[in-house]
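# Overview (structure and organization)
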Amino acid sequence: MHPDIHSNTNTKTIKKIYIPVSTKFGLSHFIAFLWMCFSIYISMPWLKDLSSIISFPFALLIIIGISYIPGYMNAFLVASLVFDRQPPFKNEFSTDSVTVLIAAYNEEEKIFNTLRYLSKQDYKGKITTMIIDNGSTDNTVSEILKAKQELDLDIAIFHEEHPGKFHALNKGLQYVTTPYVITLDADTLLHPSAIRYIVARIKSSSEEICAVAGSILVKNSRDNIWTKIQEWDYFLGIASIKRLQGLYQGTLVAQGAYSIYKTSCLKEIGGWPNAIGEDIVLTWRLLQKGWKVYFEPLAVAFTEVPTSLKHFVRQRSRWARGMIEGLKEIKPWEQPQLYTKYLTFINLIMPYLDFAYTFFWIPGLVLAWFGYYWIVGPMTLLVLPLTLISYSFLYFFQKKYVFTSLHLKVRKNFLGFLLFVLFYQMIMSPVSTYGYIQEVFKLQRIWK
């Protein structure tokens, strides 16, 4: 938590410097607009030179996609992170009963450890654990029974033969009677205070808040260089986007790996949809109802990320495909709140940005290597300082206010950070583009 929320003597000062969310939104856009105007001004020679080669409209289309819009978005992100202040908990030690839903399919190697970490929570309220076996063909059920016998947990087992995570979760939702329900992946490990903080956040929020997304970090970052790179994506990239969206009360994905929901809200919209990105579509349906979704950085869970490029491509293309599913069902202009309209509109233009990065920036980088600075040149590097600034802000926040509070240490991983900053997007944009193509042509869904 921020230090300014603990001091009673500074209450009057805090009230004086309080900035409404609407003002933060407007100021952040104003700063981003100024940055884009500056970028446009100094890029005129670049635009002129490129226009002489491929025509003005095409040159403008390329530069907008690889420079103007990304620069604007990064400036908006940086400004928003500067203004962001996590509101205080009204009660950090809630005792409401909660239900944890875990959908499991062939998780014999991981499910027991997940339950062991769940049993060590410092939450004082009653925790009911419902595990829905989704047709496992290994010893998943045996491991669950072992945990039920050995661990201090209230575990109930259900069986859902229809394949699909959404089927399993909806099966469990039928039996939930607590006011709050938490989803947890079968391979996700909770920090001992994770449930206490995520319940405290939803309890401390207004009645309009229907869900809170937890903070997901990487637990297997030491496996290889690929997981080392992804560690920074979760620690900086994904976390920064979550903080931005949470600030504007419209976190776009209350991820199934670890999030809390009001049970009544879930049941009102009919539970999880039949979608490859079931948590994305679910969250957007909740937002469409006029409800809000927050993010709690102190509610930390650790997930296992893909250790190979093949599995990474499957995962991230699935995420990109899920975003398209959400956009097809609920258009940005159909969202009732201004902030959510804007945040989902960003997702609407993401396919264009990923396409531009894949088919313009990367080939332009190859040309620059041979001395042809038609597309990639000094002007395109304007985005890099903003990226480093935003990562610096988030690193400071994560280390001082999250890791220190939770008695965690940031692992030394400079090589992973360097590769993340310089090369990660070169992989992410083509992978996301592949996911968009999968959805357009309705290719077979692959969950793992």
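Residues numbered from 1 in each chain as written. Predicted model: local features only at pLDDT ≥ 70, side-chain atom pairs only at ≥ 80, totals over all residues. Heavy atoms only, no water.

This next bit is on the overall build of the chain. Of regular secondary structure, the chain possesses 15 helices and eight strands. Over its C-alpha trace the chain gives a radius of gyration of 22 Å, about what one expects of a compact globule, namely 22 Å for 448 residues. Within the chain, the fraction of its 448 residues that count as buried is 55%. Here the contacts in the chain between residues at least 6 apart in sequence split such that 85% fall between residues at least 24 apart. Accessible area of the chain: about 20500 Å², with a carbon and sulfur share of 63%. (Helix = DSSP H or I, 4+ residues; strand = E, 2+ residues; numbered from the N terminus. Rg over C-alpha atoms; globule rule 2.2 N^0.38 Å. Buried < 20%, exposed > 50% of the residue type's maximum accessible area, 1.4 Å probe, protein only. Contact = heavy atoms within 4.5 Å. Areas by Shrake-Rupley, 256 points an atom, 1.4 Å probe, with all protein chains shown as cover.)

Mean pLDDT over the chain stands at 91; residues scoring 70 or higher make up 94%. Counting interchain partners and residues more than four positions distant, the pLDDT-below-50 stretch residues 1-15 has 19 contacts. (pLDDT = per-residue confidence, 0-100.)

Turning our eyes to something else, we now look at the pattern of salt bridges. Under the defined criterion, the tally for this structure stands at 16 salt bridges. Among the ionic pairs, aspartate 122 bridges to arginine 196, the shortest N-O distance being 3.2 Å. Taken as a pair, aspartate 122 in the loop between helix H5 (111-118) and strand S2 (127-133) and arginine 196 in helix H8 (residues 194-204) lie far apart in primary sequence, 74 residues in all. Classification of arginine 196 as buried rests on a relative accessible area of 9%. The shortest N-O distance in the salt bridge between glutamate 207 and lysine 262 comes to 3.8 Å. Taken together, the residues span a long stretch of sequence, with glutamate 207 in the loop between H8 and strand S6 (209-218) and lysine 262 in strand S7 (residues 258-262) at a distance of 55 residues. Lysine 262 gets classed as buried once you look at its relative accessible area, which sits at 13%. Residues participating in the shared-partner salt-bridge network are Arg321, Lys328, Glu439 and Lys442. (Salt bridge = Lys/Arg side-chain N within 4 Å of Asp/Glu carboxyl O.)

Ranked by internal contacts, the top residues of the largest apolar core, which has 66 residues, are Ile66, Leu101, Tyr248, Tyr261, Trp272 and Leu286. At eleven residues, the largest contribution of residues to this core is made by helix H4 (residues 56-83). With 63 residues, the next largest nonpolar core counts Ile195, Ala200, Val212 and Ala239 among its residues. (Core = buried A, V, L, I, M, F, W, Y, C linked by side-chain atoms within 4.5 Å.)

What follows concerns the state of the cysteines. According to the stated counting rule, one finds zero disulfides in the structure shown. Looking at the unpaired cysteine 265, the closest cysteine sulfur is the one in cysteine 210, lying at 5.0 Å. Its relative accessible area of 7% is what places cysteine 265 among the buried residues. (Disulfide = S-S within 2.5 Å.)

This part is about the environment of serine 43. Tracing the backbone through its elements, the reader meets serine 43 in the loop between helix H2 (21-42) and helix H3 (44-54). Distance in space between the C-alpha atoms of serine 43 and tyrosine 68 is 9.5 Å, their sequence separation being 25 residues.

This next bit is on the packing of H2 against H4. For the pair H2 and H4, the least separation of the axes is 8 Å and the interaxial angle reads 145 degrees. The interaxial crossing formed by H2 with H4 has right-handed handedness. Residues Lys24, Phe25, Leu27, Ser28, His29, Ile31, Ala32, Phe33, Trp35, Met36, Ser39 and Ile40 of H2 form the contact with H4, whose participating residues are Tyr68, Gly71, Tyr72, Ala75, Phe76, Ala79, Ser80 and Phe83. (Axes fitted to C-alpha atoms, helices over the stretch in contact; angles between N-to-C directions. Left-handed = near helix turned anticlockwise from the far one by under 90°.)

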